[in-house]
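Commentary on secondary and tertiary structure
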Amino acid sequence: MAFLRSPHAHARIGRVDLASARAMPGVVTCVTAADLRDTVRPLRAASRMTGYHATDLLPLAADKVRYQGEPVVAVVAESRYVAEDAVDAIAVEWSPLPPVPDARAAMAAESPLVHEEFGTNVILTRAFRHGDVDPALAGAALVVRERFRFRRHAALPIENRAALAAWNADGLTLWSSTQVPGMVRDALAESLAVPGHRIRVVAPDVGGGFGLKSSVYAEEIAVAALARRVGRPVKWIGDRREDLLASTQAWDEEIDATLALDGHGTIRGLRASVLADVGAYSIVPWTASIEVIQVISFLPGPYRVPAYLGEGAGVATNKAPMGPYRGVGRPVATFVMESLLDRAARRLGLDPREIRRRNFITEFPWRSPSGIVWDSGSFAETLDEAARLADWDGVRAAQSLRGDATRRLGVGVASYVELTGIGSAIPASPGADIATGTEGATVRVDPTGTVTASFGLACHGQGHETTLAQVVADTLGARLDDVRVVHGDTSAGPIGTGTYASRSAVLGGGAAILASRSVREKALAIAAHQLEADARDIELQESAAWVRGAPDRRVSLREIARSAYLGARRLPKGLEPGLEATRYYDPFFGTASSATHIAVVEVDLALGAVTVLRHVVVEDCGRVINPRIVEGQTIGGVAQGIGGALLEELVYDDQAQLATGSLMDYLPPTAWEIPPIVVRHLDRPSPSTIGGFKGVGEGGTIGAPAAIANAVSDALGSLGVEIAELPVTPDRIFRLLASRAPRTG
Ligand code: MCN
Ligand code: SMO
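Residues numbered from 1 in each chain as written. Chains lettered and ligands numbered in written order. Predicted model: local features only at pLDDT ≥ 70, side-chain atom pairs only at ≥ 80, totals over all residues. Heavy atoms only, no water.

**Regarding the domain arrangement of the protein chain**
Where interface size is given, it is often the accessible area lost as the parts come together that is meant. In terms of domains, the protein chain is made up of domain 1 (2-97 + 158-208 + 212-246), domain 2 (250-424 + 588-740) and domain 3 (439-585). Here the C-alpha centre of domain 2 lies 35 Å away from the C-alpha centre of domain 1. With both sides pooled, the region where domain 1 packs onto domain 2 buries about 2100 Å², and carbon together with sulfur makes up 61% of that total. Taken together, the links from domain 1 to domain 2 amount to zero salt bridges. Taken together, the links from domain 1 to domain 2 amount to 12 residue pairs in polar contact (both at pLDDT 80 or more). The element contributing the most residues to the side of domain 1 that touches domain 2 is helix α8 (residues 240-246), with four residues. Of the residues in the side of domain 1 that touches domain 2, the class split is 14 nonpolar, eight polar and seven charged. (Domains from an automatic or database assignment. Buried area = accessible area lost by both parts, 1.4 Å probe. Salt bridge = Lys/Arg side-chain N within 4 Å of Asp/Glu carboxyl O. Polar contact = N/O pair within 3.5 Å; in protein donor to acceptor, adjacent residues only side chain to side chain. Helix = DSSP H or I, 4+ residues; strand = E, 2+ residues; numbered from the N terminus. Nonpolar A, V, L, I, M, F, W, Y, C, P; charged D, E, K, R; others polar.)

See the structure below:
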């Protein structure tokens with residue numbers, strides 16, 4: 001399958017002439033929205049947010065297009081080559097409409113509308129209020145104010161999105177490069193009107209996702225609908241251009257923020273107004289709110305903020321829809337709060353570390369101004385350890401020694417707290433019934449004594465095959481080699497949604513512990529029966545059980561499992577045969593992960609170039625299941641954070657045309673830009689989750705941009721430059737310096 005995608009950001013679709021495309025040898029079918037109207041129902045993401053307008057998710061645009069790259073015609077052919085040629089042979093009569101390229105301008109009364117029927121481009125608003133912020137600001141010794149800008153980014157998995165649909169007498173199998181097979185299954189059941197048990201969604205090993213693959217996409221529905229229509233399997237493999245144009249984009253916000261403090265640097269209040277450019281549609285299932293809600297939820301950070309007002313608005317523009325990308329809103333929130341704190345520290349003559357220490361939350365549980373419960377946190381500890389590892393004082397000494405006029409050294413800190421392993425008490429969006437708060441695990445010991453642990457998760461590089469196997473092996477008492485983890489297949493495991501929101505260790509691991517405990521208890525009962533001992537006296541470890549104190553009275557897990565399935569005479573009286581359990585886990589609120597990042601940078605004033613010399617992360621992700629995996633997660637996250645801080649930006653022009661549609665223009669970091677990254681784990685078990693785990697998959701990306709921005713501001717502080725916009729590209733640094741430099745010659 002190949003798509004004819006809109007060349008316009010905003011246009012009415014007139015007559016579509018498919019005749020020559022259909023006549024080409026090798027073309028199986030060409031369809032428009034009209035051809036699918038009777039067989040595909042639109043999907044809508046529900047929410048009770050104020051002023052929220054849902055939009056339809058359909059496989060192809062009907063009537064008008066709202067962003068460049070939106071799919072309009074689907075062509076199925078014998079090969080991708082033929083399909084692409086057929087796309088070129090299609091003639092569409094477009095009536096271009098005035099585009100909406102800018103969120104602030106889109107709020108003006110005279111702006112063209114992305115969705116006329118809403119009568120506005122503001123498609124949602126949300127606010128968090130805590131205490132009385134006005135008097136806090138009015139009576140403060142110091143008020144720092146800034147308009148911050150975080151530019152639009154792409155999650156950019158190296159592997160583009162892809163989907164393959166095949167129908168047979170049993171129904172549909174969809175192989176998709178998705179993080180959320182459970183959600184896609186439910187969505188397809190609704191959109192194609194097919195019973196859920198006739199749909200199997202498989203997410204094989206297809207590389208990275210980074211949040212970009214955690215929504216339901218038009219192309220997934222299109223391949224499924226077209227495969228049903230033509231009675232043959234249909235495959236779509238997206239290319240890089242399609243990925244940059246038509247996958248969800250992220251982190252596009254403008255934030256007006258004001259922080260009020262007393263003379264000692266103690267925070268009195270914080271006010272922020274966040275304008276998010278959410279693009280053309282409200283995505284399924286997250287809605288268009290996912291970024292903006294996270295920004296205003298997490299702005300107060302790991303600090304005591306007695307009065308807070310955070311207001312956010314999501315504004316529709318003619319760009320690809322905004323969706324989740326590693327960190328979701330928190331890279332932005334952390335950038336804003338940490339930048340404000342450094343500005344305050346500079347005005348007060350305080351060390352950046354000291355102003356943080358004075359404001360860190362120290363009592364737990366703590367209810368944040370946006371209603372999140374922080375169950376724990378190691379804020380000061382991560383800060384002190386990171387400063388030590390980064391040799392903060394050494395950098396300061398070097399700064400004062402250096403006489404180099406063109407290259408400046410800077411050090412920057414960012415501390416954050418994030419909610420991970422989110423349970424059912426915190427809905428993804430108000431009133432939305434997406435089952436993000438629960439997850440299941442099935443643990444089965446077969447008669448050969450090996451263990452299969454299956455999950456509704458869909459891991460895509462996080463190493464669950466290792467870490468979840470460790471959890472099951474440890475809890476059950478099996479050898480690690482005897483445990484196989486199965487995930488990413490809606491027909492092979494318990495009900496679940498998938499892998500996102502740094503939830504798998506907490507929710508999947510929690511469910512795995514519960515299921516493994518049930519299996520272990522039964523295995524102990526069977527072993528006790530066979531060894532003629534009391535179950536309380538049985539040890540079960542490394543796939544063998546023995547009577548405590550009498551190690552030669554033993555049976556293997558294999559013998560226990562055989563008995564479990566042979567039944568009657570091998571089992572204690574009344575015990576049900578079988579050796580497996582399915583359990584679900586809901587951590588209710590979730591748990592607080594925290595970290596401090598410190599970046600040391602050098603800024604070349606002549607080139608405007610920033611080099612990150614070293615980057616240190618000290619994190620508290622609870623009990624660490626696997627230190628190497630956590631280290632890898634953190635390093636990968638920091639790499640994406642460095643890209644976000646220095647290089648990566650999706651640029652749209654004033655016609656809402658994407659100017660960065662290839663990797664020649666959109667610049668992810670390479671090994672060249674990534675310095676040695678030092679990671680330390682504190683390993684402080686969560687008090688509120690089974691197993692004590694806290695999530696860690698996004699943290700690297702949350703802390704890095706803020707730390708780097710603060711390091712650049714530190715390097716350029718004596719020149720009067722403070723960073724308020726990311727990415728801080730050479731061009732931006734050049735302009736900042738030029739606007740402050742005295743004119744010569
Ligand atoms: N882990 C651990 N000890 C802990 C916590 C976690 O050993 N205390 C391990 C886990 O068992 C898991 C890994 O660390 O193997 C990440 O765990 P977790 O924080 O639960 O996050 P998820 O597994 O739910 O992964 C989602 C997260 C998100 S939201 C994005 S975005 C992201 C990320 O993971 N996308 C990634 N990391 C990625 N890594 C790769 N390679 N590719 C992506 O697309
Ligand atoms: S952005 Mo991660 O998939 O929650």
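After that view of the structure, there is still more to cover.
**Considerations on the environment of H130**
Position of H130 relative to the elements: it lies in strand β7 (residues 122-130). Accessibility expressed as a relative area gives 34% for H130, which makes it partly exposed. Along the primary structure H130 and T448 are separated by 318 residues, whereas in three dimensions their C-alpha atoms are 58 Å apart. (Buried < 20%, exposed > 50% of the residue type's maximum accessible area, 1.4 Å probe, protein only.)

**Let's talk about helix α9 (residues 290-298)**
For α9, a buried count of nine out of nine residues is recorded, marking the element as mostly surrounded by other parts of the structure. Inspection of α9 places I290, E291, V292, I293, Q294, V295, I296, S297 and F298 among the buried residues, and these make up the whole buried set.

**Quick look at the sheet that holds strand β26 (residues 550-556)**
Pairing between the strands of a sheet comes from backbone hydrogen bonds, and it takes one of two forms, parallel or antiparallel. One open sheet accounts for three strands, arranged β24-β25-β26; its pairing is antiparallel. Looking at which strands have only one partner, the edges of the open sheet turn out to be β24 (538-541) and β26. Each neighbouring strand pair of the sheet contributes to a mean axis angle of 30 degrees, computed without reference to strand direction. Helix-sheet contacts for helix α15 (residues 504-531) involve β24, β25 (544-547) and β26, and the interaxial angle to β24 is about 125 degrees. Lying on the sheet, helix α16 (residues 557-566) is in contact with β25 and β26; it crosses β26 at an angle near 50 degrees. (Pairing = 2+ DSSP bridges. Axes fitted to C-alpha atoms, helices over the stretch in contact; angles between N-to-C directions. Contact = heavy atoms within 4.5 Å.)

**What about the site of ligand 1?**
Within the structure, ligand 1 sits among 31 residues, and G209, Q462, H464, Q633 and V696 are positioned closest to it. Note that an oxygen atom of ligand 1 is positioned 2.8 Å from one of the backbone N or O atoms of A505. Between ligand 1 and the protein, one listed contact pairs an oxygen atom with a backbone N or O atom of N626 at 3.0 Å. About the coverage of ligand 1: the protein hides 96% of its 840 Å² of free accessible area. Sorting elements by how many residues they give to the shell around ligand 1 places helix α17 (residues 627-647) first, with three residues. Each residue belonging to the shell around ligand 1 can be placed in one class, and the counts come to 10 nonpolar, 16 polar and five charged. (Near = heavy atom within 4 Å. Areas by Shrake-Rupley, 256 points an atom, 1.4 Å probe, with all protein chains shown as cover.)

**Here we look at the nonpolar core**
Core analysis: the largest hydrophobic core is formed by 170 residues, its most contacted members being M1, L188, L192, L259, L299, V603 and V712. In terms of residues, this core owes the most to one element, helix α18 (residues 699-716), which gives 10 residues. Among the domains, domain 1 (2-97 + 158-208 + 212-246) and domain 2 (250-424 + 588-740) are the pair contributing at least three residues each to this core. Non-local contacts of L299, meaning those with residues more than four positions away in its chain, are made with L270, A272, V274, Y308, A333, V336 and M337. Counting 47 residues, the second largest nonpolar core, distinct from the first, contains I513, A515, L524 and F693. (Core = buried A, V, L, I, M, F, W, Y, C linked by side-chain atoms within 4.5 Å.)

**Points about the pattern of salt bridges**
Counting across every chain of the model gives 51 salt bridges. Notably, a salt bridge pairs D35 with R22, separated by 3.9 Å at the nearest N-O pair. Of the two residues, D35 is situated in helix α2 (residues 33-36) and R22 in helix α1 (residues 19-23); the sequence distance between them amounts to 13 residues. In this structure D35 comes out as partly exposed when scored by relative accessible area, which is 28%. Here R330 and E698 are joined by a salt bridge, their closest N and O atoms 3.0 Å apart. Here the residue R330 occupies a position in helix α10 (residues 330-348), and E698 occupies one in the loop between β30 (677-681) and α18, the gap between them amounting to 368 residues. Counted as one network, the salt bridges with shared partners bring together R5, R80, E84, R161, E219, D239 and E242.

**So, the sheet that holds strand β10 (residues 162-168)**
Read across the sheet, four strands follow the order β12-β11-β10-β13 without closing on themselves; strand pairing throughout is mixed. Only two strands of the sheet have a single neighbouring strand rather than two, namely β12 (199-202) and β13 (234-237). For this sheet, the mean angle separating the axes of adjacent strands, direction not counted, is 10 degrees. Looking at chain direction, β10 and strand β11 (residues 171-176) are connected through six bridges and run antiparallel. From the neighbouring strand, N168 faces β11, where its bridge partner is G171. The strands touched by helix α7 (residues 218-230) within the sheet are β10, β11 and β13, with β10 carrying the most contacts at an inclination of about 30 degrees.

**Structural notes on the layout of surface pockets**
Roughly 550 Å³ of volume is contained in the second largest pocket. Along the wall of the second largest pocket there are 33 residues; nearest its centre are D56, L57, L58, E70 and Y281. Along the lines of polarity and charge, the residues of the lining of the second largest pocket split into 18 nonpolar, six polar and nine charged. Lining the lining of the second largest pocket are residues from two domains, each supplying at least three of them: domain 1 (2-97 + 158-208 + 212-246) and domain 2 (250-424 + 588-740). (1 Å grid on protein atoms, 1.4 Å probe; cavity = no way out; pocket = protein on both sides within 12 Å on 5 of 7 lines; lining within 4 Å. Points joined across faces, edges and corners; volume = space filled by probe spheres on them.)

**Observations regarding the packing of α15 against α16**
Between α15 and α16, the least distance of the axes is 10 Å, while the angle of their chain directions is 95 degrees. Relative to α16, α15 is oriented roughly perpendicular. Contacts from A523, I526, A527 and Q530 of α15 reach α16 at L557, E559, I560, S563 and A564. Of the residues assigned to the contact of α15 with α16, the class counts are six nonpolar, two polar and one charged. (Parallel < 35°, antiparallel > 145°, perpendicular 65-115°, else oblique.)

**Digging into the side chain of E291**
Tracing the chain through its elements places E291 in helix α9. With no salt bridge to any partner, buried E291 finds its closest opposite charge in R330, at an N-O distance of 8.0 Å. (Lys, Arg positive; Asp, Glu negative; His and termini not counted.)

**Considering helix α3 (residues 80-88)**
Within the sequence span of α3, burial applies to V82, A83, A86 and V87. Each buried residue of α3 sits inside an arc of 140 degrees when the element is viewed along its axis, so together they form one side. Facing away from the buried side of α3, by more than 90 degrees, are the exposed residues Y81 and D88. At its buried positions, α3 is contacted by β1 (2-5), α1, β3 (27-31) and β5 (71-77). (Arc of directions from axis to C-beta.)

**A look at the packing of helix α14 (residues 464-476) against α15**
Interhelical geometry of α14 versus α15 gives an angle of 35 degrees and a closest axis separation of 8 Å. For the crossing formed where α14 meets α15, the hand is right-handed. Residues H464, L468, V471, V472, T475 and L476 of α14 form the contact with α15, whose own contacting residues are S504, G508, G509, A512, I513, S516, R517, V519 and R520. Grouping the constituent residues of the contact of α14 with α15 by class yields seven nonpolar, six polar and two charged. (Left-handed = near helix turned anticlockwise from the far one by under 90°.)

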